[in-house]
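# Inside the fold
Take a look at the letters that make up each chain.
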Amino acid sequence: MFRKLDDNTDAALLYNEKDNSIYNQLKKLLPKDITTITVASPFFDEDGEAILALLELFPSAIVNVLLQGDCKMPPNKLKKNSRIYFYDFNLTTRGKNNSFGKFIYQRNLHAKIFHFAADRMEFVMIGSANATIAALGSNLTKPLNEEFCSLYRSATRNFLKELQISEKCLLQTAVSEMEREANTFTNNASPAINLSAIDATEENITLYLADCKKSLNVELIGYNKENEPTTLANLHIDNTLNNIKVKTSGLNSIVYCNLIDIDGNVVSNSQYVNHIIDLSSTNPSKENRELNKMLAKIEGGNYNGIEIIEFINNLIRDVIYNDDQRENTTGHANYKLEQKDKIAHYDPEYDTDKESDNIFLPGRTMCSRLIEYMEFAISNKAHNINEILKGEEDEADAVESNNRETYVRQNIKIDTNELDNIIGRVHHVFDRYNELINLRLKEFQTNPKQALNTQDIEYLAATTFAALDFCVFNTSVFNVYNSKTINEDRDDLLPYVSDIMMKDIPCIVNNFTYFAIRTHCKQIDDNMLLYANKAMRFIILGLHAAISRMTEKDYNYYMPKIELVLINLFDIFGVPNLDAIEDTIDQINLVYEKGISKSDIRCLIDKCTNIKVDNNNYKRWQGYGITKSNKNAQECIKLQKLRCI
């Protein structure tokens, strides 16, 4: 539909839709009496299919094609046609205007212009679409590309003269003798593989596949700004894959990529590479910029556990405090709890992550994306180590295969003079979380509609995961030193770490459980159950880490309370998938060289699932969940102060 711009000009927006190509939109908007079509474009179909499609659409028209003699994608296999004429763009008024100040240079034609002249009206389409079927589509072929164009209409304006391309001189070089650029996919047919996007970080590149017509063994070719090719990876691609992520090197200089088969034929479209770390600095959302930087560090394994702790701390802080109080977080007045706070709530409009095959996608938050990347990083590292070990075992004996020189975790340097500050920051996360739970409970009491939701579960999982990453998974790579005495003493840190795991984690899980008991709906939807099942892995790992650090006295005091917490969590959300938990443990043990016992965790789960409610030992009380009671005492889950179950 045309809209009036001024007294002389109307305009319409054209873009490819699922069942409505730019070609079809031109068919509806342009009159049939078009007599002359003028096309200027840097890229054409090899056989000129798009030009022929326009001639078919307007049987009375001729086509004047403007191109440069060094055009990299000319229609050099287009059969001679009496209705098609080729002109030299460099000899138009605009083409001759090659000066810029005191500099003279030949500019490359990058404009895409389609001019349609009728008896009493002119039309010109300007935008991103090249003169290719992939861009425009046709009667028989759907377009492949996302394109956006403006179509202008006027009865008084001379568009070609305004654009300085009305004067024409025939092209002296025969188009059939022009060569197309090597390794460029020709658009006279749909490619075997359609790449919809490519993302790259420092060490990983991800291909997103929109369409794959057959299974192929291919090479991923990357091109720098000088169009020099580099083989990045050998891949097998079939129609069961939505995306492929591979580890490779030398990605910083890569501008775009395509795929070639074993015979050297290009079998995909070329696609520009999104460099995620670079793009993160241009994200309109400041919060998403910070998140993307953190995710890139996690994916590359170049992060410090304290950074994760600090990131979670800031997320929870921003949920608790309103905009005016974010700079001063010491007071406790005028809290504003807002689950949809723009800081803590991830903004999908500005997302550069196209992963979609995960359970955290609906209503995704920054916490959910952080957990996804941590899980992926662990899983990916475990896979790589297994591949290394498998290869070494094929070539050498099992003793030698344990040497993992190809995967070295980086040491985390900690100055003992900063120890109190670091541990304080870790404790602060638990302070924040318990503060959040208190406020969520008050919010529910004021408005019962603010019941338990998936974000509450995410914050618990992320907080627990952050503590595990710093206090359990990475303790073997702590490099604790004294900057004043230059002495190293790793044992200085371990008592602090044990104290955090033994007291803080059970406390936040206890407080979440109390909140869940008081606020959860009777019927929990499937989406929340999926969130909870995944989060439960980290909760159980956190509680197991706490139990393993307890003295006998601590164990006798804490263990009944931990069991009661798990009994209630299992009652609300169901028993988590044991196979999934054991897979996670296998990966963690391999990547972090830990010895987390699967049998101990299975025993803990079994003990908490094999109890009988409403007997002499356990009772179900309204608003207090399942409690352990007898004639002498009644023990139930209560909201506790920090670091004291």
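Residues numbered from 1 in each chain as written. Predicted model: local features only at pLDDT ≥ 70, side-chain atom pairs only at ≥ 80, totals over all residues. Heavy atoms only, no water.

Right, let's talk about the overall build of the protein for a bit. If you tally the helices and strands in the protein, you get 17 helices and 22 strands. Across the 645 residues that make up the protein, the buried fraction comes to 51%. For the protein, the accessible surface area stands at approximately 32,000 Å², while carbon and sulfur atoms represent 47% of it. (Helix = DSSP H or I, 4+ residues; strand = E, 2+ residues; numbered from the N terminus. Buried < 20%, exposed > 50% of the residue type's maximum accessible area, 1.4 Å probe, protein only. Areas by Shrake-Rupley, 256 points an atom, 1.4 Å probe, with all protein chains shown as cover.)

What follows deals with the sheet that holds strand β4 (residues 62-67). Hydrogen bonds along the backbone pair up the strands of a sheet, which may run parallel or antiparallel. In spatial order, the strands read β1-β2-β10-β9-β8-β3-β4-β5; together these eight strands make up an open sheet with mixed pairing. Each edge of the sheet is formed by a strand with only one pairing partner; in this case those strands are β1 (3-4) and β5 (84-88). Sheet topology note: the strand β3 (residues 36-40)/strand β8 (residues 113-117) ladder contains five bridges and is antiparallel. What sits directly across from Thr-38, in β8, is His-115. On top of the sheet, helix α1 (residues 22-29) reaches β2 (10-15), β8, β9 (122-127) and β10 (148-154); it is set at about 150 degrees to β2, its chief contact. Along the sheet, helix α2 (residues 49-57) contacts β3, β4, β5 and β8; its crossing angle with β4, the most-contacted strand, is approximately 155 degrees. (Pairing = 2+ DSSP bridges. Contact = heavy atoms within 4.5 Å. Axes fitted to C-alpha atoms, helices over the stretch in contact; angles between N-to-C directions.)

Another aspect to go through is the environment of Leu-566. With respect to the element layout, Leu-566 can be found in helix α15 (residues 552-573). Looking at Leu-566, the relative accessible area reads 0%, which means it is buried. As a C-alpha pair, Leu-566 and Thr-609 span 43 residues in sequence and 8.6 Å in three-dimensional space.

Turning to the packing of α15 against helix α17 (residues 598-609), a few remarks are in order. The interhelical angle for the contact between α15 and α17, taken along N-to-C directions, is 70 degrees, at an axis separation of 9 Å. With respect to their mutual orientation, α15 and α17 come out roughly perpendicular. Residues Met-559, Glu-563, Leu-566, Ile-567 and Phe-570 of α15 pack against Leu-604, Ile-605, Lys-607, Cys-608 and Thr-609 of α17. (Parallel < 35°, antiparallel > 145°, perpendicular 65-115°, else oblique.)

We now examine the packing of aromatic side chains. Applying the stated criterion across every chain, the model contains eight aromatic pairs. Arranged with centres 6.0 Å apart and planes meeting at 55 degrees, the rings of Phe-58 and Phe-116 form a pair that is tilted. On the criterion of sequence distance, the pair formed by Phe-58 in the loop between α2 and β4 and Phe-116 in strand β8 is long-range, its members being 58 residues apart. Exposure remark for Phe-58: the relative accessible area of 2% places this residue in the buried category. Judged by centre distance (6.4 Å) and plane angle (20 degrees), the ring pair of Phe-512 and Phe-573 falls under stacked. Of the two residues, Phe-512 sits in helix α13 (residues 494-519) while Phe-573 sits in helix α15, which places them 61 residues apart along the sequence. (Phe/Tyr/Trp six-rings, centres within 6.5 Å; stacked < 30°, edge-to-face > 60°.)

A separate point is the environment of Ile-276. Mapped onto the secondary structure, Ile-276 falls in helix α6 (residues 276-280). A relative accessible area of 11% means that Ile-276 is categorised as buried. The spacing of Ile-276 and Asp-199 is 77 residues in sequence and 6.5 Å in space, taken between C-alpha atoms.

On to the sheet that holds strand β17 (residues 271-275). Taken in spatial order, the seven strands line up as β14-β13-β16-β17-β11-β12-β15 in an open sheet, and their pairing is mixed. A strand with exactly one partner marks an edge of an open sheet, and here the two such strands are β14 (229-237) and β15 (243-247). Within this sheet the neighbouring strands show an average axis-to-axis angle of 30 degrees, counted without direction. In the sheet, strand β11 (residues 193-200) pairs with strand β12 (residues 204-212) via seven bridges, with the strands oriented antiparallel.

To continue, consider helix α14 (residues 526-548). An ideal rise of 1.5 Å per residue puts 33 Å on 23 residues; α14 measures up with 33 Å between its terminal C-alpha atoms. Of all the 23 residues making up α14, 17 are buried; the element is thus mostly covered by neighbouring parts of the structure. The N-cap of α14, judged by a side-chain oxygen 2.7 Å from the amide nitrogen of Met-528 a few residues on, is Asp-525. (Expected span 1.5 Å × (residues − 1). Polar contact = N/O pair within 3.5 Å; in protein donor to acceptor, adjacent residues only side chain to side chain.)

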